[in-house]
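Listed here are the chains, written in short residue letters.
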Amino acid sequence: MSIPVSYYLALSGILFGLGVVAFVFKRNIITIFMAIELMLNAVNLAFVAFARAHNQLDGLIFVFFVIVVAAAEAAVGLAIVLALAHTRQSLNVDRVNLLKF
Amino acid sequence: MIAPLIVFFACAILAVLGAILLIIVREPIHSALSLVVVMVSLAILYLLLGAPFVAAVQILVYAGAIMVLFVFVIMLLNAGEEERTDWSKIAKWIGLPLGFVLLLEIAHWLFHSEPGTAVANGVAAPPPASTFALSTALFRQYLLPFEATSILILIAILGALVLARKDQ
Amino acid sequence: MEFISQHPVLVVSLVKIALTLFVVMTALAYLTWFERKVVARMQSRWGPYYVGAHGLLQPLADGVKFLFKEDVTPPSSDIVTYLLAPFLALVLALTAIALIPIGPPDVTVLGQPVFAVSNVSIGLIFLFSITSLGVYGVALAGWSSNSKYPLMGGLRSSAQMISYEVSLTLSVVGVLLLAGTLNLSDIVSGPNGQTGYWLHFIPKWNVFPQIVGFLCYITAAIAETNRVPFDLPEAETELVAGFHTEYSSFKFAMFFMAEYANMITVSCLATILFFGGWLSPFGGGEWEKFIPVLIFGALAVYCLYDIATELQSIIHKLQFTIVVGLFLALAAVCFFFPQYAMPPFWFILKIGIFMFFYVWARGTLPRFRYDQLMSFGWKLLLPVSLANLVVTAVVWLVMHP
């Protein structure tokens, strides 16, 4: 019996939810970035599962583009984190509140 | 016939465990390593889903380059232990149960919808997506997004260079 | 016996895995002996000489030493990553070797191909994925040692590895264009493979049309495996021992083995991609089974000469008679089972030549400074690999409209 697609979608949903929880509750900015990558991975899994379910290649192509965009975003985001750590001397997002009302 | 099922559950449990570890552990480097575990188990799941090229690209690019970048930045910034902040009471006592209810509802509708039951009823497995077919689609139908993402990567490289440079 | 005939996949795979592990671990140990001997002879000295006959038991002595040395763990280091790093390095290095075919895929025992532990359709990219995960072993080792030299060594070494990984992968794409497939067995003997001859005597190996790609590959490979002349991050005069300073006894041995296993993997890839893998340069006739007989026979005669004249003690003479017996056994296997033994013979011969080249470079060349290393990788090697790829693609398009 081949594994039903809904199992993969359930796993993707669980991972996405865990990514959201990590994003909301963690204080270190690098860990928040990693939660974003976790969410992107969960979405990739959903794409590949749907590509298999409908027997098409478009889902896999989209996974490529998601990976590429994630790479570009990680590069720029981590550069921003480096600049931030230089100026604020801390990696805690609560400290980045100069514009707070 | 149950071998794919065993592999699926092993990788699924590994992935969820990695994600939970990402939330729980205190050092960022341990979070990075558990995220690598998640990515590798997802790559095995892509292999199960008949997409070997995507699995290899996931390990090569995501686990082998992006996460190395994360580990580098954590090492460079000497990111120590996270500060412990208490979760607000609303989040703990109302948010988590509500989230769980939402998850149950999504699971219900997932398992009773069309794609799930169609494949579960024994539709024959499609052949694995070959590299040739993927690359043909990538360079013919999806040429514009391909070129656009190349320019995006170029912009990202330049942006990262400019942002990370110390002011002289 | 019924179990064997009912589960051929399981049995053959287990035997293949066990054999591969055994052969690879022994080869790793004796690679250290080979390196010490060759470097010593290049420096006009003997090398290991006393432990066994001509130092042949030196790896065993080193292994025992590594097992029994005191295991010093630095305090206040991150214990989990500290213990994880050498395991990661060794496991990844050994996994990469499992993907490499040493013979044609149609030689079977019990219906299972004998010469490849796994024949993945995207073998080349998988190999590169596993190599790219190898950066973690180095980076985590440097970080978790909680000390300045290892941290700098680890960061520099991993930066070097990821820089040269790009050139490594790009220099191989020319071969991919020529071969049209990612499967390692098909690159050697597939429809666009390296069988056959040009002008009746030049074998159709990929090194001839892709000489620039080969040179880029071998340079990037030496840098990727942290060998001289690119071994600044672990050189003794520069950074004590780089990222593995704080590791002692068995964990250090694991890093050592991982480095040699990486060397073996990279040489295997070079052989498969550029030098025709297991194909013999003479075309695979029946007469070829005499070549290993000649080579091993000559080595056995030299060992007998050594027993008679050079070696002093009885124990050493006994050990060398065992070596002579080994050579004669190998010659007999190559002679009586040519379809099982000749492809691995050519493959291992070519890998041996690459290993000698690695050790030769170590004995001869001075090392790069770190900024020279990085500028070489990004400003020279990457553009040359890219140019090679573009030129190959243009020529291929012109030839196959």
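Residues numbered from 1 in each chain as written. Chains lettered and ligands numbered in written order. Predicted model: local features only at pLDDT ≥ 70, side-chain atom pairs only at ≥ 80, totals over all residues.

A.B. asks: Describe the overall build of chain B, listing the residues and the values that go with them.
C.D. replies: Secondary structure summary: chain B contains seven helices and zero strands in total. Tracing chain B from N to C terminus, the helices and strands come up as α-α-α-α-α-α-α. Considering chain B as a whole, with its 168 residues, one finds that 29% of them fall into the buried category. Of all intrachain contacts in chain B linking residues separated by at least 6 positions in sequence, the fraction that spans at least 24 positions is 56%. (Helix = DSSP H or I, 4+ residues; strand = E, 2+ residues; numbered from the N terminus. Buried ≥ 20, exposed ≤ 12 C-beta atoms within 10 Å, placed from the backbone. Contact = placed C-beta atoms within 7 Å.)

A.B. asks: Please set out the domain arrangement of chain B residue by residue, giving values where relevant.
C.D. replies: In terms of domain boundaries, chain B breaks down into domain 1 (1–81) and domain 2 (130–168). Averaged C-alpha coordinates put domain 1 of chain B and domain 2 of chain B at centres separated by 23 Å. (Domains from an automatic or database assignment.)

A.B. asks: Please give an account of the nonpolar core that cites residues and values.
C.D. replies: Counting residues in each nonpolar core, the largest one holds 173 residues, and the members touching the most others are Ile30, Leu38 and Val48 of chain A, Ala32, Met39 and Met67 of chain B together with Ala270 of chain C. Beyond its immediate stretch of four places on either side in the chain, leucine 38 of chain A contacts Leu15, Leu18, Gly19 and Ala22 of chain A together with Ala19, Leu22, Leu35 and Val38 of chain B. (Core = buried A, V, L, I, M, F, W, Y, C linked by C-beta atoms within 7 Å.)

A.B. asks: Please give an account of the interface of chain A and chain B that cites residues and values.
C.D. replies: Counting residues at the interface gives 57 residues for chain A, matched by 67 residues for chain B. Taken together, the elements giving at least two residues each to the side of chain A that touches chain B come down to α1 (5–25), α2 (29–54) and α3 (58–88) of chain A. In terms of residue count, the dominant contributor to the side of chain A that touches chain B is α3 of chain A (21 residues). Across the side of chain A that touches chain B, the residue classes tally to 45 nonpolar, nine polar and three charged. (Nonpolar A, V, L, I, M, F, W, Y, C, P; charged D, E, K, R; others polar.)

A.B. asks: Could you give an account of the environment of leucine 60 of chain B, naming the residues involved and the relevant values?
C.D. replies: The topology assignment puts leucine 60 of chain B in helix α3 (residues 52–77). If sequence neighbours within four positions are ignored, leucine 60 of chain B has contacts with Ile125, Phe128, Ser129 and Ser132 of chain C.

A.B. asks: Just give me the short version of the interface of chain B and chain C, but keep the residues and values in it.
C.D. replies: Taken residue by residue, the interface counts 14 residues in chain B and 16 residues in chain C. Looking at the side of chain B that touches chain C, the elements with two or more residues in it are α2 (28–48) and α3 of chain B. Ranked by residues supplied to the side of chain B that touches chain C, first place goes to α3 of chain B with 11 residues. Counted by class, the side of chain B that touches chain C contains 11 nonpolar, three polar and no charged residues.

A.B. asks: Would you mind going over the environment of valine 188 of chain C in detail, with residue names and values included?
C.D. replies: Residues and elements named next belong to chain C. Structurally, valine 188 is set in helix α8 (residues 184–189). As for valine 188 and valine 391, which are separated by 203 residues in sequence, their C-alpha atoms are 22 Å apart. Contacts of valine 188, omitting those with residues within four sequence positions, involve Gly193, Gln194, Ile272, Gly276, Gly277, Trp278 and Leu279.

A.B. asks: Please set out the packing of α3 of chain B against helix α5 (residues 123–133) of chain C residue by residue, giving values where relevant.
C.D. replies: As a packed pair, α3 of chain B and α5 of chain C sit with axes 9 Å apart at the nearest point and diverge in direction by 15 degrees. Relative to α5 of chain C, the element α3 of chain B lies roughly parallel. Classified by chirality, the crossing of α5 of chain C by α3 of chain B is left-handed. Between α3 of chain B and α5 of chain C, the residues in contact are Ala56, Ile59, Leu60, Ala63, Gly64 and Ala65 of chain B and Ile125, Phe126, Phe128, Ser129, Ser132 and Leu133 of chain C, respectively. Residue classes in the contact of α3 of chain B with α5 of chain C are distributed as nine nonpolar, three polar and no charged. (Axes fitted to C-alpha atoms, helices over the stretch in contact; angles between N-to-C directions. Parallel < 35°, antiparallel > 145°, perpendicular 65-115°, else oblique. Left-handed = near helix turned anticlockwise from the far one by under 90°.)

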